[in-house]
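What follows is each chain in one-letter form.
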Amino acid sequence: MTNETNQEKLPAKTCSVDRLVTMPADVEKVLTGTKTATRRNGRYADVGEIMELDGKSFVVENVYSQSLGELTDEHAKQEGFQSVEEYKESILSYHPGMPWLPQMRVWVHEFRPVNG
């Protein structure tokens, strides 16, 4: 699936941008620049929204749906991991008992630091 989603076609948000990145290890990865995207089971932000972490601002640049089966090591690197397997192990450690189903869809939120 393409990540060139038309913003008008996106469903309503299921949570707010301030809940997008909350785990301390993930916050640190965002602050150091090793995490530039996060995947959630719902849509937490609109393109252009600002996420604040430790006094620093990050703008959401892209939001799109993706299946877990579409994940590549490059996607895992956006999340701050070296491989899909490493990312998968981390996610499953946060959600014991959750299956990892290739057809399961998640919402990808890509972001970057706000310049200035």
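Residues numbered from 1 in each chain as written. Predicted model: local features only at pLDDT ≥ 70, side-chain atom pairs only at ≥ 80, totals over all residues. Heavy atoms only, no water.

**Concerning helix α1 (residues 24-32)**
Among all positions in α1, only Asp 26, Val 27, Lys 29 and Val 30 are buried. Looking straight down α1, one finds that the buried residues subtend no more than 160° of arc, so they occupy a single side. Buried-residue contacts for α1 involve β2 (50-53), β3 (56-67), α3 (84-94) and β4 (105-113). Trailing α1 by a residue or two, Gly 33 shows a phi angle of about 85°, which is positive. (Buried < 20%, exposed > 50% of the residue type's maximum accessible area, 1.4 Å probe, protein only. Helix = DSSP H or I, 4+ residues; strand = E, 2+ residues; numbered from the N terminus. Arc of directions from axis to C-beta. Contact = heavy atoms within 4.5 Å.)

**Notes on the sheet that holds β4**
Consider a sheet: its strands pair through backbone hydrogen bonds, and that pairing is either parallel or antiparallel. Pairing within the open sheet is antiparallel, and its 4 strands lie in the order β1-β4-β3-β2. Looking at which strands have only one partner, the edges of the open sheet turn out to be β1 (37-40) and β2. Neighbour-to-neighbour, the strand axes of the sheet open up by a mean angle of 35°, direction not taken into account. Pairing of β2 with β3 involves 4 bridges; the strand directions are antiparallel. Following the sheet pairing, Glu 52 is matched in β3 by Ser 57. Strands in contact with α1 are β2, β3 and β4; relative to β2, the strand with the most contacts, it is inclined by about 110°. (Pairing = 2+ DSSP bridges. Axes fitted to C-alpha atoms, helices over the stretch in contact; angles between N-to-C directions.)

**Quick look at the confidence of the model for the protein**
Chain-level pLDDT for the protein is 92 on average; 92% of the residues reach the 70-or-more range. Scored below 50 in pLDDT, residues 1-5 makes 10 contacts in the model with residues more than four places away or belonging to other chains. (pLDDT = per-residue confidence, 0-100.)

**Concerning unusual backbone geometry**
Glycine aside, residues mostly have negative phi, and peptide bonds are mostly found in the trans state. In this structure, Asp 54 takes a positive phi of about 50° despite not being glycine. Owing to a relative accessible area of 64%, Asp 54 belongs among the exposed residues under this scheme.

**Examining the pairing of β4**
Here β1 runs beside β4; their pairing, made up of 4 bridges, is antiparallel. The residue of β4 that forms the bridge with Thr 38 is His 109. In terms of strand pairing, β3 meets β4 through 9 bridges, oriented antiparallel. Bridge assignment links Ser 67 to a residue of β4, and that residue is Arg 105.

**A word on the packing of aromatic side chains**
In the structure shown here, the tally under the stated rule is 2 aromatic pairs. Taken together, a centroid distance of 6.1 Å and an interplanar angle of 80° make the contact between Tyr 87 and Trp 100 edge-to-face. In this pair, Tyr 87 sits in helix α3 while Trp 100 sits in the loop between α3 and β4, placing the two residues 13 residues apart along the sequence. The pair formed by Tyr 87 and Trp 100 is uniform in burial state, with each residue classed as buried. Following the ring pairs from residue to residue traces out a cluster consisting of Phe 81, Tyr 87 and Trp 100. (Phe/Tyr/Trp six-rings, centres within 6.5 Å; stacked < 30°, edge-to-face > 60°.)

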